[in-house]
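Examination of the molecular architecture
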Amino acid sequence: MTATILDGNALSAHLRTELAGRVAALTARGVQPCLAVILVGEDPASAVYVRNKVAGCEKTGMRSIKDVYAPDVDPAVVFARIAELNADPAVHGILVQLPLPRHFDSEAVLEAIAPEKDVDGFHAENIGALMQGNPRFIPCTPYGVMKMLEAGHVPLKGAEAVIVGRSNIVGKPMAMLLLAQSCTVTVCHSQSKDLAFHTRRADILVAAVGKAKMITGDMIKPGATVIDVGINRLPDGKLCGDVDFESAKEVAGLITPVPGGVGPMTITMLLTNTLESAERTLK
Ligand SMILES: Nc1nc(=O)c2c([nH]1)NC[C@@H]1CN(c3ccc(C(=O)N[C@@H](CCC(=O)O)C(=O)O)cc3)C=[N+]21
Ligand SMILES: [Mg+2]
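Residues numbered from 1 in each chain as written. Chains lettered and ligands numbered in written order. Predicted model: local features only at pLDDT ≥ 70, side-chain atom pairs only at ≥ 80, totals over all residues.

**Some words on the environment of Gly144**
The line we're drawing: Runs of E in the DSSP output that reach at least two residues are strands. Runs of H or I that reach at least four are helices, and both are numbered from the N terminus. For the purpose of contact definition, each residue receives a C-beta atom placed from its backbone, and two residues are in contact when these atoms lie within 7 Å.
Looking at the secondary structure, you find Gly144 in helix α6 (residues 140-151). Put simply, Gly144 and Gly8 are 136 residues apart on the chain and 8.8 Å apart in space, counted from C-alpha to C-alpha. With sequence-adjacent residues up to four places away left out, Gly144 is seen in contact with Val262, Met265, Thr266, Thr268 and Met269.

Below, the structure written as C-alpha cells:
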C-alpha cells in the first residue's frame, strides 16, 4: 500500500474560491482587503514567495502593496514605512518577508507591526494570545497544516503528534495548535537523543527542520500521517522536503508532497488572515 497524498494545491484552490466570495462580499460593503508585503534584499527564494503572495491576493480579489528595498537599506527607512502602513486604515495586513539582512534586528521589526495587522502571527502579543488558546492570527504554516489534517479527516484527540523542529515560525506554534486539539505533543530538535525512537511513535509526524530528506521510511510508524514543512533546494534546482518522499510513502497512511503540499497552504492561510483582519474592521 502506498500513502494517500494530501494535495495542498487542490485544497488551496478550494479554500481560495471560498475566500474570493467573502472578499467580493466585503468589497461590496466598501472594504477591499489589502495586504502589504515588505521585501528587503534580493534573495531569489524570497522573491518567489513574495510573488506568490501578491498573485494570491490578485486571484482572490484582494489589493496588495509590495515594497522592495535594497539589501543595505537603513532599517530606519523600513521602520518608518511600517509606521505608515500601521496608520493606514486601508491596509489590513502587513508582512515583512524573513529572513532579513543581518544588520536588521528582526525581532524589533516584527514587534513594530501593529498586532491587529500582524497577519503572520509573529508579534509577541499574538503569540501570547495563541498560547492562551485565544488566537488573533494563527501563524500561516501551522494553520495550513491544521487545515490539511482537517481535510484528511485525521483524528487528533489523544493522537501522538511528534514535531521535528522548534522554530518560532513553525515548530512552537504547531505544538500549541495540536495541543489545543488534545494531541499528546512531543517536540524534537537537533539535540534530541534518539530521533527515530520519537518519530516511530508518531500518529502525526510534522517535519520542520530544513534538512533535505532527513525523515526516511524506517523512521515512520505504518499508517501515520506525515506532514512535510521543509522546502530545500537541491543542487539540481529541484525542491524537496525534509521527508524522503520515496521511502516514506511506502509506510505512511497520508503524506504531503513538496512542492504542492504545505507551501501553497501557507499562502492560502495568509490570505485568510488578511481577509479576517479586514472583516474585523466592520465589527
Ligand atoms: N514573514 C514571513 N512570512 C512567511 O510566511 C514566510 C517568510 N516570512 N519567509 C519564508 C517562509 C517560506 N514561505 C513559503 C511560502 C510559500 C511557499 C510555496 O508556495 N511553495 C511552493 C513552491 C514554491 C517554489 O516553487 O519555490 C510549494 O511548496 O508548492 C513556500 C514557502 C513563507 N515564509
Ligand atoms: Mg529548528
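**A word on the UniProt feature "binding site: NADP(+)" (unreviewed entry) in the protein chain**
Heads up, the condition is: UniProt positions are given in the numbering used here, feature names are shortened, and annotations may be inferred rather than shown by experiment.
Sites flagged by UniProt as "binding site: NADP(+)" (unreviewed entry) map to Gly165, Arg166, Ser167 and Ile231. Inspection of the secondary structure puts Gly165 in the loop between β5 (160-164) and α7 (171-180). Excluding residues that lie within four positions of it along the chain, Gly165 makes contacts with Val170, Gly171, His189, Ala208 and Val209. Of note, Ser167 is situated in the loop between β5 and α7.

**Concerning the packing of helix α1 (residues 8-28) against helix α10 (residues 262-280)**
Rules: Only the contacting stretch of a helix is used when fitting its axis, a line to C-alpha atoms as for every element, and angles between N-to-C directions run 0 to 180 degrees. Should an angle fall under 35 degrees it is taken as roughly parallel, and over 145 as roughly antiparallel, whereas 65 to 115 is taken as roughly perpendicular and any remaining angle as oblique. Definitions for this section: a left-handed crossing has its near helix turned counterclockwise from the far helix by less than a right angle. A right-handed crossing has that turn clockwise. Residues are grouped as follows: nonpolar covers Ala, Val, Leu, Ile, Met, Phe, Trp, Tyr, Cys and Pro; charged covers Asp, Glu, Lys and Arg; every other residue, Gly included, is treated as polar.
Interhelical geometry of α1 versus α10 gives an angle of 15° and a closest axis separation of 9 Å. Overall, the two elements α1 and α10 adopt an arrangement that is roughly parallel. The crossing of α1 and α10 is left-handed. From α1, Gly8, Asn9, Leu11, Ser12, Leu15, Arg16, Leu19, Arg22, Val23 and Leu26 reach across to α10, where they touch Val262, Gly263, Pro264, Met265, Thr268, Leu271, Thr272, Leu275, Ala278 and Glu279. Counted by class, the contact of α1 with α10 contains 11 nonpolar, six polar and three charged residues.

**Some details on the site of ligand 1**
Which entries qualify depends on this criterion: By definition, a residue lies near a molecule or strand provided its backbone-derived C-beta atom is within 6 Å of it. Each domain span listed reflects an automatic or database assignment of domains.
Around ligand 1 lies a shell of 18 residues, among which Tyr49, Leu98, Pro259, Gly263 and Thr266 are the nearest. Sorting the residues of the shell around ligand 1 by element identifies α2 (44-60), β4 (93-96) and α10 as the ones contributing at least two each. Broken down by element, the residue count for the shell around ligand 1 peaks at four residues, all from α10. Among the residues forming the shell around ligand 1, the class breakdown is 12 nonpolar, five polar and one charged. In this structure, the shell around ligand 1 is formed jointly by two domains, domain 1 (30-114) and domain 2 (140-263), each of which donates at least three residues.

**As for the nonpolar core**
Which entries qualify depends on this criterion: Throughout this description, the term nonpolar core refers to a group of buried Ala, Val, Leu, Ile, Met, Phe, Trp, Tyr and Cys residues whose C-beta atoms join them within 7 Å. Between the buried cut of 20 or more and the exposed cut of 12 or fewer other C-beta atoms within 10 Å of a residue's own C-beta lies the partly exposed class, and all C-beta atoms are placed from the backbone.
With 80 residues, the main nonpolar core has Ile163, Leu205 and Val206 as its most contacted residues. Top element by residues in this core is α10. It accounts for eight residues. When residues are assigned to domains, this core turns out to be shared by domain 1 (30-114) and domain 2 (140-263), each giving three or more. Look past the residues within four positions of Val206 in its chain and what remains in contact with it is Val145, Ile163, Val164, Met174, Ile227 and Val229.

**Quick look at the sheet that holds strand β1 (residues 4-5)**
Stated precisely, the cut-off is as follows: At least two DSSP bridges between two strands are needed for those strands to be called paired.
The strand order across the open sheet formed by six strands is β1-β11-β8-β7-β5-β6, and the pairing between neighbours is parallel. Sheet topology places β1 and β6 (184-188) at the edges, where each strand pairs with a single neighbour. Note that strand β8 (residues 225-228) and strand β11 (residues 254-255) share two bridges and pair parallel. Note that in β11 the partner of Val226 across the bridge is Ile255.

**A short note on the confidence of the model for the protein chain**
Stated precisely, the cut-off is as follows: Across the chain, each position has a pLDDT score giving the predictor's confidence in that residue, from 0 to 100.
For the protein chain, per-residue confidence averages 97 on the pLDDT scale, and 100% of positions sit at 70 or higher. Overall fold confidence for the complex sits at a pTM of 0.97, while the interface term, ipTM, reaches 0.95.

**Notes on the UniProt feature "domain: Tetrahydrofolate dehydrogenase/cyclohydrolase NAD(P)-binding" (unreviewed entry) in the protein chain**
With numbering aligned to this structure, UniProt lists the feature "domain: Tetrahydrofolate dehydrogenase/cyclohydrolase NAD(P)-binding" (unreviewed entry) at residues 139-280. For residues 139-280, helix accounts for 35% and strand for 17%, while the C-alpha atoms at its two ends are 18 Å apart.

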